[in-house]
Amino acid sequence: MPSTLNTLRPAPRRATTPVHVGSAQEREHGPGTLTAAGLTVILVGVFLPMIDFFIVNVALPTIDTDLRASQPLLELVVSGYATAYALLLVLGGRLGDSAGRKRLFLAGMAAFTLTSLACGLAPTATFLVVGRVAQGASAAMMVPQVLATIQAATTGERRTRALARYGAAGGLAAVLGQVLGGVLVSANIDSLGWRPIFLVNVPIGLAGLVLASKHVPDTRHGAPAPIDGPGTILLGLTVLAVLVPLTEGQSLRWPAWTIAMLLTAPVTAAAFARYEARAERAGRTPLVPPSLLRHPSMRSGLLLALPFFAGFGAFMFCYALLVQRGLHASALTAGLGLVPMAATFLFASLSTSRLLARFGAKVLAAGGLLQAAGLAILGVTVYLGWPGLPVAWLAPGLAVAGLGQGLVMSPLFGIVLSEVPPAVAGAGSGVLTTTQQTALALGVATLGSMFLALAADGISVSTAFIAVLIVQILVAAGVAAGARKLPGWRTRTQITQVAAD
């Protein structure tokens, strides 16, 4: 284990104390152990929020028709969820450390189920936006507990496999979200139109609550630290100052307040960094301990995760617009068009544990190159086939890109957290998931806005999509190059060994 871990190694009185739940499975595997059943249940807590981030992409035209929503309100249906989610993730991780991760997971899943019901029954667009904000806040209570529980209740190869499955669940949910959205909207169950995309969460959430209470171990920090109020406020202001103007500025034609918020973002970010550093030097427990970034896995992994997830979020958004607005395909056709990507993503995700053991972080470099190749194939296909392009012709490029994305996303979470001690698992997972969700929202806000702006200026949808693809190809190539800085590049077993410590 690298010596930098000594800076975060807790004193005995602050050690993480897994609390034994007492099920038969846990007695077989050991106290506080995350069993296969428990892992399956908590991964539902990743799957549902990620599906809900993307499921609305193919449903927005139907929501617009039904609720007669303005363009800014429609964008808030997406960005309100993403902003609340990203804003509260780190706080959710810290609360799990102190109050108990199982307790926060159950509370988050219960709240997510109720807010999903509220969204599905929304009578107006404004009500739906409020419901989506509450749904994002609920997800922020639930999702950090998943990574933190994996870190605290698994070791060795079991942790490596669990983290790979976490990454696979999130990525697969993103693709399947749009597939499921297309199927549900087109099915028009009981003439409900778009509403089942939210209502489907209710029975899944109720089942998840029952199963989680039986199979998920309760872990928490042995000596909970008080909540870092000033740090929480400063981080929240920074996230808001970035996400709100970038997601709403384009549709509102960039009023002065959006520019002012963007200008304040660097100021609040610098104030947050200074305050957290002073708090840690004074012996207090900051919301985001700066010493987390002293671990090479955390520092290099986050620098890789930010552009990767931004590109991923933008791609899913722009694909839905290309197929539905450009090719005038139905929501069902748009969703089913992503099946090749989902299939290869799943195949790659299931293969990463074996590939990591043999090739180490070189797997991520290969994934980045494959993703770039798939996006290039997709761009050539759109260029040559437009405007009479059948959606099925997109399958080869989507399949190659999905294979590359699976090879990057699935092991990335394990690599980033490989050197983070269980005592600060909540903070580490909160930082990672905040980076992920903020990047997804930033990708939609930046490259998605670029796509919409180009298409609105008289440039064809296909040309706008190809322009976005060029940027994403450069990002994928950068991910491949950046993988050289990750743990496990030079030695094939380093990732597994570090995770076992």
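Treat the numbers as computed from the prediction; the structure is a model and nothing was measured.

What counts and how
- Numbering of residues starts from 1 in each chain and follows the order in which that chain's sequence is written.
- Reporting of local features is limited, given that this is a predicted model, to residues whose pLDDT is at least 70; pairs of side-chain atoms are given and counted only at 80 or more, and all residues count toward the totals for whole chains, interfaces and linings.
- Side-chain measures here rest on the full set of heavy atoms in the structure, leaving out hydrogens and waters.
- Put simply, DSSP marks the helices as runs of H or I at least four residues long and the strands as runs of E at least two long, and each gets a number from the N terminus on.
- Only protein chains enter the accessibility calculation, which uses a 1.4 Å probe. A residue is then buried if its area is under 20% of the maximum for its type, exposed if over 50%, and partly exposed in between.
- Working rule for contacts: check all heavy atoms of both residues, and any pair within 4.5 Å makes them a contact.
- Note on areas: Shrake-Rupley with a 1.4 Å probe; residue coverage comes only from the protein chains shown.
- The salt bridge definition used is simple: a Lys or Arg side-chain nitrogen within 4 Å of an Asp or Glu carboxyl oxygen.
- By convention, a stacked pair of Phe, Tyr or Trp rings (six-membered ring in the case of Trp) has centres within 6.5 Å and planes under 30 degrees apart, an edge-to-face pair has planes over 60 apart, and any other such pair is tilted.
- Any Lys NZ or Arg CZ found within 6 Å of a ring centre and within 35 degrees of that ring's normal is scored as a charge over the ring.
- Structural elements are reduced to axes, namely lines fitted to C-alpha atoms, with helices fitted over the stretch in contact, and the angle between N-to-C directions of any two is expressed from 0 to 180 degrees.
- Oblique is the label for any angle not covered by the other classes, which are roughly parallel (under 35 degrees), roughly antiparallel (over 145) and roughly perpendicular (65 to 115).
- Note on convention: the crossing is left-handed when the near helix lies turned anticlockwise from the far helix by less than a right angle, right-handed when the turn is clockwise.
- Residues are sorted three ways: Asp, Glu, Lys and Arg are charged, Ala, Val, Leu, Ile, Met, Phe, Trp, Tyr, Cys and Pro are nonpolar, and all the rest, Gly among them, are polar.
- Only residues whose relative accessible area exceeds 30% and that take part in no salt bridge are eligible for patches, with like-charged residues grouped when within 9 Å of each other and nonpolar side chains (Val, Leu, Ile, Met, Phe, Trp, Tyr) grouped when within 5 Å.
- We treat Lys and Arg as the positive residues and Asp and Glu as the negative residues; His and chain ends play no part in the count.
- Where a charge lies is defined by one atom per residue type, namely NZ (Lys), CZ (Arg), CG (Asp) and CD (Glu).
- Each residue after the first adds 1.5 Å to the expected span of a helix.
- Bend at a residue means the angle formed by two fitted axes: the first through the 7 residues ending at that position, the second through the 7 residues beginning there.
- What pLDDT conveys is the predictor's confidence in a given residue, as a value from 0 to 100.

**A word on the overall build of the protein chain**
Reasoning step 1: Regarding its fold elements, the protein chain presents 19 helices and 2 strands.
Reasoning step 2: Within the protein chain, the proportion of its 501 residues that are buried is 57%.
Reasoning step 3: Looking at the protein chain alone, contacts between residues at least 24 apart form 83% of all its contacts between residues at least 6 apart.
Reasoning step 4: A total accessible area of about 18,600 Å² is found for the protein chain, and carbon and sulfur atoms account for 69% of it.

**Quick word on the pattern of salt bridges**
Reasoning step 1: What the rule picks out here adds up to 2 salt bridges.
Reasoning step 2: Close ionic contact of Arg132 with Asp52 constitutes a salt bridge, the shortest N to O distance being 3.8 Å. Placement of Arg132 in helix 6 (residues 125–153) and of Asp52 in helix 2 (residues 36–54) is noted, with a sequence separation of 80 residues between them. Each of the two residues, Arg132 as well as Asp52, counts as buried.

**Re the packing of aromatic side chains**
Reasoning step 1: Under the criterion given, the structure shown has 8 aromatic pairs.
Reasoning step 2: Between Phe308 and Phe309 the ring centres are 5.2 Å apart and the planes differ by 75°, which places this aromatic pair in the edge-to-face class.
Reasoning step 3: For Phe308, a relative accessible area of 2% corresponds to the buried category.
Reasoning step 4: The structure contains a cluster of three or more aromatic residues connected by ring pairs, namely Phe53, Phe54, Tyr81, Tyr85 and Phe312.
Reasoning step 5: Above the ring of Tyr81, the side-chain terminus of Arg132 is found at 4.2 Å from the ring centroid.

**Quick notes on the packing of helix 3 (residues 60–67) against helix 4 (residues 71–99)**
Reasoning step 1: Interhelical geometry of helix 3 versus helix 4 gives an angle of 130° and a closest axis separation of 10 Å. Comparing the axis directions of helix 3 and helix 4 gives the class oblique. Crossing of helix 3 against helix 4: the hand is right-handed. Residues Leu60, Ile63 and Asp64 of helix 3 form the contact with helix 4, whose participating residues are Leu74, Val77 and Val78.
Reasoning step 2: Taken together, the residues that form the contact of helix 3 with helix 4 break down as 5 nonpolar, no polar and 1 charged.

**A short note on a positive patch on the surface**
Reasoning step 1: On the surface, Arg274, Arg278, Arg281 and Arg284 cluster together into a positively charged patch.
Reasoning step 2: Mapping Arg274 onto the fold places it in helix 11 (residues 256–281).

**Concerning helix 4**
Reasoning step 1: Across its 29 residues, helix 4 extends 40 Å between first and last C-alpha, which sits within 8% of the 42 Å expected from 1.5 Å per residue.
Reasoning step 2: Of all bends in helix 4, the biggest is about 45°, found at Leu89.
Reasoning step 3: Following helix 4 by one or two positions, Gly100 has its phi on the positive side, about 110°.

**Describing unusual backbone geometry**
Reasoning step 1: Here Trp386 and Pro387 are connected by a cis peptide whose omega angle stands at 10°.
Reasoning step 2: With respect to the secondary-structure elements, Pro387 resides in the loop between helix 15 (362–385) and helix 16 (395–416).
Reasoning step 3: Although it is not a glycine, Asn188 adopts a positive phi angle of roughly 50°.
Reasoning step 4: Considering the arrangement of structural elements, one finds Asn188 in the loop between helix 7 (156–187) and helix 8 (196–199).

**Thoughts on the environment of Thr219**
Reasoning step 1: With respect to the helices and strands, Thr219 occurs in strand 2 (residues 218–221).
Reasoning step 2: For Thr219, a relative accessible area of 0% gives the class buried.

**Here's the deal with the confidence of the model for the protein chain**
Reasoning step 1: On average, residues of the protein chain carry a pLDDT of 82, and 89% of them reach 70 or more.
Reasoning step 2: Predicted confidence is poor over residues 1–31, with pLDDT under 50, and the contacts of this stretch with residues over four places away or in other chains come to 70 contacts.
Reasoning step 3: Counting contacts from residues 492–501, a segment whose pLDDT is below 50, to residues more than four positions away or on other chains yields 26 contacts.

**Quick word on a nonpolar patch on the surface**
Reasoning step 1: Taken together, the side chains of Val183, Leu332, Leu336 and Val339 make up a nonpolar region of the molecular surface, amounting to roughly 280 Å² of accessible area.
Reasoning step 2: Inspection of the secondary structure puts Val183 in helix 7.
Reasoning step 3: With relative accessibility at 34%, the residue Val183 sits in the partly exposed group.

**Some details on the environment of Ala477**
Reasoning step 1: Checked against the element boundaries, Ala477 lands in helix 18 (residues 461–482).
Reasoning step 2: Assessed through its relative accessible area of 34%, Ala477 is described here as partly exposed.
Reasoning step 3: With 110 residues separating them along the chain, Ala477 and Gly367 place their C-alpha atoms 9.6 Å apart.

**Brief notes about the side chain of Thr115**
Reasoning step 1: The topology assignment puts Thr115 in helix 5 (residues 101–120).
Reasoning step 2: Taking relative accessible area as the criterion, Thr115 reaches 13% and is therefore assigned buried.
Reasoning step 3: Here Thr115 is in contact with Gly131, Ala134, Gln135 and Ser138, once residues within four sequence places are set aside.

**Considerations on helix 11**
Residues lying three or four places apart along an α-helix face the same way, a consequence of the helix completing one turn every 3.6 residues.
Reasoning step 1: Between its first and last C-alpha atoms helix 11 spans 39 Å; for 26 residues at 1.5 Å apiece the expected length is 38 Å, and the two agree.
Reasoning step 2: Along its length, helix 11 reaches its greatest deviation from straightness, about 30°, at Thr264, and the proline Pro266 lies no more than four positions downstream.
Reasoning step 3: Burial in helix 11 covers these residues: Thr258, Ala265, Thr268, Phe272, Tyr275, Glu276 and Ala279.
Reasoning step 4: Those residues of helix 11 that are buried are in contact with helix 10 (229–248).
Reasoning step 5: Gly283 sits one or two residues past helix 11 and shows a positive phi near 90°.

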